[in-house]
Amino acid sequence: MSVLRYENNPVLTSKNVPFRVNSIFNASAFKIKDHYFLLCRVEMPDGRSSLVLARSADGLSFQVYDKPCLTPDMHEQFYDYVEWGVEDPRVTLIDGRYYILYTGYSKHTPLVMMAETSDFETFHLHGPITEPSNKDAALFPEKINGFYWKIDRPSVKESRGEMWINKSPDLIHWGGHRFLMSGREGTWEEAKIGLSSQPVKTAKGWLLLYHGVRILGHAPIYKLGVMLLDANEPWRVLGRSAHPILAPETSYERIGDVNNVVFSTGWIVEPDGEVKIYYSGADVNVCLATTTLDYLLSLCE
Ligand code: BMA
């Protein structure tokens, strides 16, 4: 087994969007009953991003909704923190409600925003839940040791690219910050790493998809890896893949707005253990790759 690209990639490009955009990419993925949903980032013609839903009956062929569901303009009291766009959503279902952590981008540099919804039509906007600079954040789907947990990537200096973990009694007040993981020196992930998709509970612990970056020449190359955290002490890393599980290879991953990028903010684990990884090539599309939970866990041993 390995990670297999879907033969009809990309699943979505700007041509599939019924309103004018530069690009559609970095989608969070989840299922409601038997339907697949992607909450995608769309870069609008002015270069600022919003979020739009897409829906599918089979997880392969998606219909993009008529208009964005979350835009900078909808943020009113938090507008200062999203003036340059809302980006890279990661959705986690907790006790029947969807919590979206996303990047608010502005003159203050990126920070992590949180919105809560049950229907993706109306949103309770909680505003920033980190200080800048921070991004690449997602919530765990359940309480562990009586607390909610989140992973994020504080990065005050460009050169800092480590994953951290922290906890909260109420999803609003965060503390207990701990270092989780940095990229291994001299490898594909040496420049920085960050969480890709929301943590998934398995029999062996919490499985995470993450991205690693190396700068070659002047340009970054983004690849994906997996790591496993302890089920009850999620700040303990039990293992991680030695090699990337997906790296830019095809023309739709090599050539785009940012060349040589595979970047993910969403995956779905099916009841039979198949894993659908939704990812973006070169920051201009949404693609699909499939694998199995067993294979990903075997890489973390
Ligand atoms: C990250 C974010 C993502 C982007 C990725 C690859 O730092 O800005 O939105 O997809 O870089 O360019």
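Above this note sits the structure.
What counts and how
Residues numbered from 1 in each chain as written. Predicted model: local features only at pLDDT ≥ 70, side-chain atom pairs only at ≥ 80, totals over all residues. Heavy atoms only, no water. Pairing = 2+ DSSP bridges. Helix = DSSP H or I, 4+ residues; strand = E, 2+ residues; numbered from the N terminus. Axes fitted to C-alpha atoms, helices over the stretch in contact; angles between N-to-C directions. Near = heavy atom within 4 Å. Polar contact = N/O pair within 3.5 Å; in protein donor to acceptor, adjacent residues only side chain to side chain. Areas by Shrake-Rupley, 256 points an atom, 1.4 Å probe, with all protein chains shown as cover. Nonpolar A, V, L, I, M, F, W, Y, C, P; charged D, E, K, R; others polar. Salt bridge = Lys/Arg side-chain N within 4 Å of Asp/Glu carboxyl O. Buried < 20%, exposed > 50% of the residue type's maximum accessible area, 1.4 Å probe, protein only.

Time to look at the sheet that holds strand β18 (residues 262–269). As summarised here, the arrangement of the four strands in space is β1-β20-β19-β18, forming an open sheet in which the pairing is antiparallel. Sheet topology places β1 (4–5) and β18 at the edges, where each strand pairs with a single neighbour. Bridging between β18 and strand β19 (residues 274–281) involves seven bridges; their strand directions are antiparallel. In the sheet register, glycine 266 faces β19, and the bridge partner there is tyrosine 278.

Here we take up the sheet that holds strand β13 (residues 175–181). Spatially, β10-β11-β12-β13 is the arrangement adopted by the four strands of the open sheet, whose pairing is antiparallel. Only two strands of the sheet have a single neighbouring strand rather than two, namely β10 (134–139) and β13. Here the strands of the sheet are splayed against their neighbours by 25 degrees on average, with no regard to which way each runs. Here strand β11 (residues 148–154) pairs with strand β12 (residues 163–168) via five bridges, running antiparallel.

Another aspect to go through is the site of the ligand. Around the ligand lies a shell formed by Asn26, Arg41, Asp88, Lys135, Tyr222, Val258, Val261, Phe263 and Asp283. Contact distances for the ligand include 3.1 Å between an oxygen atom and a side-chain N or O atom of tyrosine 222. Aspartate 283 places a polar side-chain atom, nitrogen or oxygen, 2.7 Å from an oxygen atom of the ligand. Within the complex, the protein chains bury 85% of what would otherwise be the 310 Å² of accessible surface of the ligand. Tallied by class, the residues present in the shell around the ligand amount to four nonpolar, one polar and four charged.

Here β12 pairs with β13 via four bridges, running antiparallel. The residue bridging tryptophan 164 from the neighbouring strand is phenylalanine 179, located in β13.

Counting across every chain of the model gives 20 salt bridges. For aspartate 152, the salt bridge goes to lysine 150, with nearest N and O atoms at 3.0 Å. Lysine 150 matches aspartate 152 in its accessibility class, with the two residues each being buried.

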